[in-house]
Amino acid sequence: DAGITQSPRHKVTETGTPVTLRCHQTENHRYMYWYRQDPGHGLRLIHYSYGVKDTDKGEVSDGYSVSRSKTEDFLLTLESATSSQTSVYFCAISAGTGIMNTEAFFGQGTRLTVV
Amino acid sequence: SQELEQSPQSLIVQEGKNLTINCTSSKTLYGLYWYKQKYGEGLIFLMMLQKGGEEKSHEKITAKLDEKKQQSSLHITASQPSHAGIYLCGADIIGTGNQFYFGTGTSLTVIP
């Protein structure tokens, strides 16, 4: 298995609280991505990073922020969690120019419930 | 709007039957990826198609990308219970920068 770890794997939090999800890789890959997966929508890109301190928004970035202070860690923060952010979150890494040129590896997912 | 349309949404087949899953875009793709996801787990890469007309096979799974690079099909021959899961197509669509889109997924159940 590729060296990619998400933490926590499960979390229940209250509406309005901040939440941070962590993605850690040991592959030294340049690109890292955060997706959310919801029924009927498949996987949607939240934010991605193309290097340390280099990040950009995906298609569903509202209410989320990210940080990448070192190659191996990509943090996703829900600034003030809402029930609509209840989802399964996946982190992905890839070495190439964007996710398409090389194989992308995915974490096991974080199931987040906002009550 | 959904950049990648995947069909069908779900399939229930008897073991040994063949099946096909389709993934369609209205725009040209740089390439098309197929992934499999077991329920509650992460995604597993199956194969990548980059050239128009390209076809790849892995064990009993074959995927093809059409000449226009806008549609791909995934075909499973003689399905087995181990094939059950969610199949997702993913693609980098020309003109959208570094964003990577996924289809909505196809849930496959194989009945022994």
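Residues numbered from 1 in each chain as written. Chains lettered and ligands numbered in written order. Predicted model: local features only at pLDDT ≥ 70, side-chain atom pairs only at ≥ 80, totals over all residues. Heavy atoms only, no water.

Visitor: Tell me about the layout of surface pockets, and please be specific about residues and values.
Guide: Within this model, the largest pocket holds a volume of roughly 400 Å³. Residue lining of the largest pocket: 20 residues in total, with Gln 37, Asp 38 and Pro 39 of chain A together with Gln 37 and Ile 86 of chain B positioned closest to the centre. Going through the elements one at a time, strand E4 (31-38) and strand E9 (87-94) of chain A together with strand E11 (106-111) of chain B are the ones with two or more residues in the lining of the largest pocket. In the lining of the largest pocket, the residues fall into five nonpolar, 11 polar and four charged. (1 Å grid on protein atoms, 1.4 Å probe; cavity = no way out; pocket = protein on both sides within 12 Å on 5 of 7 lines; lining within 4 Å. Points joined across faces, edges and corners; volume = space filled by probe spheres on them. Helix = DSSP H or I, 4+ residues; strand = E, 2+ residues; numbered from the N terminus. Nonpolar A, V, L, I, M, F, W, Y, C, P; charged D, E, K, R; others polar.)

Visitor: Lay out the sheet that holds strand E7 (residues 64-70) of chain A with the relevant residues and their values.
Guide: Residue and element names in this part refer to chain A. Taken together, four strands build an open sheet; the order of strands is E1-E3-E8-E7 and the sheet is antiparallel. Of all strands in the sheet, those bounded by a partner on one side alone are strand E1 (4-7) and E7. The average angle at which neighbouring strand axes cross in this sheet is 15 degrees, direction not considered. Pairing geometry for E7 and strand E8 (residues 73-78), over five bridges, is antiparallel. Of the residues in E8, the one forming a bridge with Ser 65 is Thr 77. (Pairing = 2+ DSSP bridges. Axes fitted to C-alpha atoms, helices over the stretch in contact; angles between N-to-C directions.)

Just geometry here; none of it tells us what the structure is for.
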